Amino acid sequence: MENKKKILTSKESVILLLSVFVVGFCTIIYELLIGSVSSYFLGDSIKQFSLVIGLTMTAMGLGTLISRVVKSNLIYWFILIEIVLAVVGGLCVPILYFSYMCEPVYYPVMFILIMIIGGLIGLEIPLLTRIMETYYDLRNNISNVLSLDYLGAFVATLAFPFLLLPLMGIFESSIFAGFLNLVVGIINFYWFKDKITFKKRAKLKISAVLILFLLAGFFICSKSLMKYWENNIFDDRVILSKQTKYQKLIMTKNKEDIRLFIDGNVQFSSIDEHRYHELLIHVPMSFAKHRENILVLGGGDGLAAREILKYKDVKKITVVDLDREMTELAKNNRIIKEMNKDSFRNEKVRIINEDAFKFTENADEYYDVVIIDLPDPNNSSLARLYSREFYKLVRKKLAKNGLVVSQSTSPFFSPEAYWCVNETFKAAGFKYTYPYHVYVPSFGDWGFIMASDIKIDTEKFNLNVDTKYLDKETFKKAFVIEKDIQRTGIKFSTLDKPAILDYYLQGWRYWN
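Because the structure is a prediction, the values reported are computed rather than measured.

It is worth spelling out the sheet that holds strand β11 (residues 444-452) at this point. Ordered by their spatial adjacency, 7 strands build an open sheet running β7-β6-β5-β8-β9-β11-β10, and the pairing between neighbours is mixed. Every interior strand has two partners, whereas the edge strands, β7 (349-352) and β10 (432-440), have only one. Going across the sheet, the axis of each strand differs from the next one's by a mean of 15°, ignoring polarity. Here strand β8 (residues 367-373) runs beside strand β9 (residues 398-407); their pairing, made up of 5 bridges, is parallel. Counted as the bridge partner of Ile372 is Ser406 from β9. In the packing of helix α16 (residues 388-396) onto the sheet, the strands contacted are β5 (293-298), β8 and β9, and the crossing angle to β9 comes to about 145°.

For the second largest pocket, the calculated volume is near 450 Å³. Residue assignment for the lining of the second largest pocket shows that the elements contributing at least two residues are α7 (138-192), α9 (222-233) and β1 (237-243). Counting residues per element, the lining of the second largest pocket draws most heavily on α7, which supplies 8 residues. Considering only residue class, the lining of the second largest pocket consists of 11 nonpolar, 4 polar and 7 charged.

Closest axis-to-axis distance for the helix α2 (residues 11-42)/helix α6 (residues 106-131) pair is 11 Å, and the angle between their directions is 165°. Classified by the interaxial angle, the pair formed by α2 and α6 is roughly antiparallel. Where α2 crosses over α6, the handedness of that crossing is left-handed. For the pair α2 and α6, the contacting residues are Leu16, Ser19, Val20, Val23, Thr27, Tyr30, Ile34, Val37, Ser38, Phe41 and Leu42 in the first and Tyr106, Tyr107, Met110, Ile114, Ile117, Ile121, Glu124, Ile125, Leu128 and Ile131 in the second. Classifying every residue of the contact of α2 with α6 gives 17 nonpolar, 3 polar and 1 charged.

What follows deals with empty space enclosed by the protein. Scanning all chains against the criterion turns up 2 cavities of 30 Å³ or more. Around the largest cavity sit Thr27, Tyr30, Glu31, Ile34, Val52, Thr56, Ile114, Ile117, Gly118 and Ile121, which together line it. Among the secondary structure elements, those contributing two or more residues to the lining of the largest cavity are α2, α3 (45-66) and α6. For the lining of the largest cavity, the per-class residue count stands at 6 nonpolar, 3 polar and 1 charged. Counted as a void, the second largest cavity has a volume near 40 Å³. If you list the elements that add at least two residues to the lining of the second largest cavity, you get β4 (265-269) and α10 (273-287).

Procedures and definitions
- Residues numbered from 1 in each chain as written.
- Predicted model: local features only at pLDDT ≥ 70, side-chain atom pairs only at ≥ 80, totals over all residues.
- Heavy atoms only, no water.
- Pairing = 2+ DSSP bridges.
- Helix = DSSP H or I, 4+ residues; strand = E, 2+ residues; numbered from the N terminus.
- Axes fitted to C-alpha atoms, helices over the stretch in contact; angles between N-to-C directions.
- Contact = heavy atoms within 4.5 Å.
- 1 Å grid on protein atoms, 1.4 Å probe; cavity = no way out; pocket = protein on both sides within 12 Å on 5 of 7 lines; lining within 4 Å.
- Points joined across faces, edges and corners; volume = space filled by probe spheres on them.
- Nonpolar A, V, L, I, M, F, W, Y, C, P; charged D, E, K, R; others polar.
- Parallel < 35°, antiparallel > 145°, perpendicular 65-115°, else oblique.
- Left-handed = near helix turned anticlockwise from the far one by under 90°.

The following block contains the structure:
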């Protein structure tokens, strides 16, 4: 009973237990940050997160082994580790951002950062466990340390997507996590300074103060640093930079050319987006037997809706885009509003901010035409929206004689991915598929796949709306698939085996 009383009243044990919680929190945050940055820059989120988690666990194991060497001054070494983690972990994202400017060094820098951070994390828990032997017996000690460490990790997995990323973005979240490690070090220094020699106290004080100013400086200057980085990465002047809950939005301007980038990939260029959107919309719309009820999956910029609204017989357009901040930008940003002709404020248009897969699965309507205007399948989350299972859901929601079209990446730069979309539509049960493509200067040669259960005569051209680019000749040309971009023996993509992701990354890796 006396021992139990001591535990409950000891402020020092509370400080140590809180330290364990924060340590667990920061561990997961650093992994999520590095994995997210690498996925953003290099694509293939499964590969990037697998590398980050694998290397971190390896480094943590090495750190745990190294902890055996530390036999005295445990609290001093723990505080020192927190201070070093504050600077290396806190600045890991700024370091990765700027290393990307010299792309060949990105992976080596990432590897070094993970090994340092993981090694230091691996040192933390054994040291804390040994320090806390003063307050708890071995059984309670280990259970307390591990349970609080896991709890901190759990809180981090919730805080990262729902708080840190939308409120601060990746860059500032990294510095914030560094601050947390520094705070742990400072609090432990305050409570345990009598256990540290005067000389070591002086070293820790100076180090903590310097790193505090360094992190504060980076945090205060984060927007300026990001602006500098963006202006060096993007060829044109950055006029808008926004981190949403789901993605990074960048808008650039060069004379009359406005470009929107999502996670580093160009979504449109104002000087030629009409080519893309006219082929995406008017080809299926011109063949549709009915076009009263239209579903757009993606299309958060409002440009697809702009083209659909040219048809007077359209009564309802449902736009499903996951990111509310993207659709709000399209609705309220002066530049994008001018481009989309304020389509999102038209009474025929209904915007739903929801995952396209989930929406399609639960939709209780049937649509005459479904337009799939989603980003390229460069990660596992997007690849599932190019799967057989997803296309089956879309097929179920088509009205009789309905049509679906999907943007399908470049048949020139990534032909295997393009034909994978075609094969996946067939695997989903569509009787007919119609591949076509167009040259868009800002994208290059870009492809689409139209699918239906009715046979369409693509020789018949029936367009009765105003267009900038599309006419009888360009319409004919779009369905000519040149010999050098044709492929056979291509697999279809499923949720379980996302072949589209491998094809896409292989194709673009070659050209990048």
